[in-house]
Each structure stands twice: as structure tokens, then as C-alpha cells.
Amino acid sequence: MSNDINKEQEKQLDHFLSEFSPKAPEASPFEKQKILGLLMKEEEKHQSSFSLSSFLRWFMPAMVTAMLMVVVWQGFKPQAVVPKVADAEIEQYLEETLFASFDEGDDSEFQDEGWMSMTERLISSGS
Amino acid sequence: MLNQVVDDKISLYSKGKLSSFSDLYDQYGSMVRAVLYKLCDAADIDDLVQDSFMRIYKGLPKFKQNSSLKTWIYRVAYNVAVDDLRKRKKPKPELEVEDTVASSASGTENRDLVHKNLKKLSEDHRTVLVLVCMEDLSLKEVAGITGVPVGTIKSRLHHAKNQMYAFLKSSGAKL
């Protein structure tokens, strides 16, 4: 526009525009419910659906951390201590425990009389 | 006081309270509807209002309160309007003279006249004129909403007023 309006005209225009500002048609009485319904759906969809961003944000770092922890633990895990026992010690242990019972028993009779008498009987019967 | 109430509502909403958002709609629904009606095509007003509130709903948790909530909601509505206008890419309306209004034009007729002539303005000029002269926002607020320097807003407003005055005069409006 080549002709600029003067102050008075500007004032008139401001007054006219504020007085006759276009009025939007009334909203439907269900508009609010419709919007809230859409938002609820959106919210449900957001909560139920698998979200790649939330996966990347939470699950991936958690998984990486867990894997790192396993690797670190494996690296620094103390070796299982298997006591090395000498054969001699085992033998000694066995002698002291298992074979001890044999030694403790008095088998002199068995040796002297039992076996011998049996041998004698066999020899005599054979002869 | 009111701002505190609204802030509480925002924090409630951020915790997932849809009821607080319902209150927000009650407070700002008509404002959003009015500004969209002036900036966009009236036929799509319901969809645009819905779109605006969806964006508000999604954007509220990120709202940092650098500006007032009202200004922020205006910005959301403005963005919706801009997106809608760009999507349509309607040819600029011809500057034809509309049907002349009788001197005894009623308020409704004057409103229609203003609405028709608003459409003749460019998107930028219309936005500034609507936000400053009809929504009573300051130049600084409009600059914040549109992301344009205050000086540019001032210049656009000056041109918009000149054009609007000429359009209204040629339409027979009694200013």
C-alpha cells in the first residue's frame, strides 16, 4: 500500500478490529470428550505398544551393562581352589580311617586256628 | 494465583492426570478455536483444534515455562495454523472488492467483513494483525510466538494495518 494510514485512521482501525473480531463457530458439545477420548487412546497406545525409543533408552543400556558386568566378573573371578593332596597323605588317611578297623580286630585265632585248621582238614580229607 | 493453579495442573498432567488436561481445555479451548478460525479455513476448525490439543498434550511435559502458558499455547496454535496453510498451499486470494456493506451493517456483517478481508492478507501480515489487534498480545509476545524479531513484527503490523484499512474501506466498511 502506497498510502500509509495516519494515527487517527489507525486508531479507528484498531477499534473496528477489536470490536468486530471474527467469532469462531461454537464448538460441538462433544468436542472436549472427543479430544479427551483421542488422548486416552493415544496414551493407551503409547503404554501398550512396543516403543523402539524406550527400548533403546532403557533396555539396551541395561543389557550392555549386564554384559560388561559378566565380562568383568569372569576376568577377575577367583580361581576355584582345589587342594592338592599328596598320594602319601591319601594313603595315610586311608590307613588311619578305613583300614584301621581291620587292624584293630583280633584275627590271631582266625589266622592261627581258623585258616590253619581248615587247611589241615582239606589236606587230611584229600589224603 | 491463576498461574500457580495452572502450573499445578501442568505438574499434575505430567504425572498422567488427564482430568487436569480437561481443565486446561476448559480454560484455553475457546482461545485456541478463536485464533485458528482467524488464521485458517473455517471448514477445518474442528480438526485444527483437535490437532492443537494433541500437540499441547504431547508438548506439555516438555514445557519449560520460559514464557507464559497462554503464550506457549498460542505458539502451538500458530504452528498448527502454519502447517495447515503450508499443506494446502492455496493460491493467494485475489484482491477483488467484496460485496459492499451497507452503512447500517450489523455487528455480524462487520465481523464477516473483517474475516473475509483477513484472508486477503498474506499469512505473515494476517498472523501479526490477528495476534496484536484481536488477541491483544504484545509485539514481544508475537515475536516469541512466531520466532521473528520484534522489529520485523512491528514492520509487518504497519503494512498489515495499511492493507486492512484499504480493504475495509473498499468493502464499504464504516470505520
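Cut-offs and rules
- Residues numbered from 1 in each chain as written.
- Chains lettered and ligands numbered in written order.
- Predicted model: local features only at pLDDT ≥ 70, side-chain atom pairs only at ≥ 80, totals over all residues.
- Heavy atoms only, no water.
- Helix = DSSP H or I, 4+ residues; strand = E, 2+ residues; numbered from the N terminus.
- Areas by Shrake-Rupley, 256 points an atom, 1.4 Å probe, with all protein chains shown as cover.
- Salt bridge = Lys/Arg side-chain N within 4 Å of Asp/Glu carboxyl O.
- Buried < 20%, exposed > 50% of the residue type's maximum accessible area, 1.4 Å probe, protein only.

Visitor: How should I be thinking about the overall build of chain A in this particular structure?
Guide: Within chain A one finds six helices and zero strands. In sequence order, the secondary structure elements of chain A are arranged as α-α-α-α-α-α. As presented, chain A carries roughly 11100 Å² of accessible surface, and 62% of it is formed by carbon and sulfur atoms.

Visitor: I'm lost on the pattern of salt bridges in this one. Help?
Guide: When the charged atoms of two side chains lie near each other, side chains of opposite charge can form a pair. Within this structure, the stated rule accounts for nine salt bridges over all chains. With its nearest N and O atoms 3.1 Å apart, the salt bridge here joins Lys161(B) to Asp14(A). Placement of Lys161(B) in helix H8 (residues 150–170) and of Asp14(A) in helix H1 (residues 7–19) is noted, with the two residues assigned to different chains. Lys161(B) gets classed as buried once you look at its relative accessible area, which sits at 7%. Accessibility expressed as a relative area gives 27% for Asp14(A), which makes it partly exposed. Note that Arg156(B) is salt-bridged to Asp124(B), the shortest N-O span being 3.6 Å. With a gap of 32 residues between them, Arg156(B) in helix H8 and Asp124(B) in helix H6 (residues 123–134) connect regions that are remote in the sequence. Looking at Asp124(B), the relative accessible area reads 31%, which means it is partly exposed. One salt-bridge network, held together by shared partners, links Glu10(A), Asp14(A) and Lys161(B).

Visitor: Would you explain unusual backbone geometry in this entry?
Guide: Excluding glycine, most residues fall at negative phi; most peptide bonds, likewise, are trans. All names here are of chain B. Not every positive phi belongs to a glycine, and Asp136 is a case in point at roughly 55 degrees. Mapped onto the secondary structure, Asp136 falls in the loop between H6 and helix H7 (139–146). By relative accessible area, Asp136 is classed as exposed at 63%.

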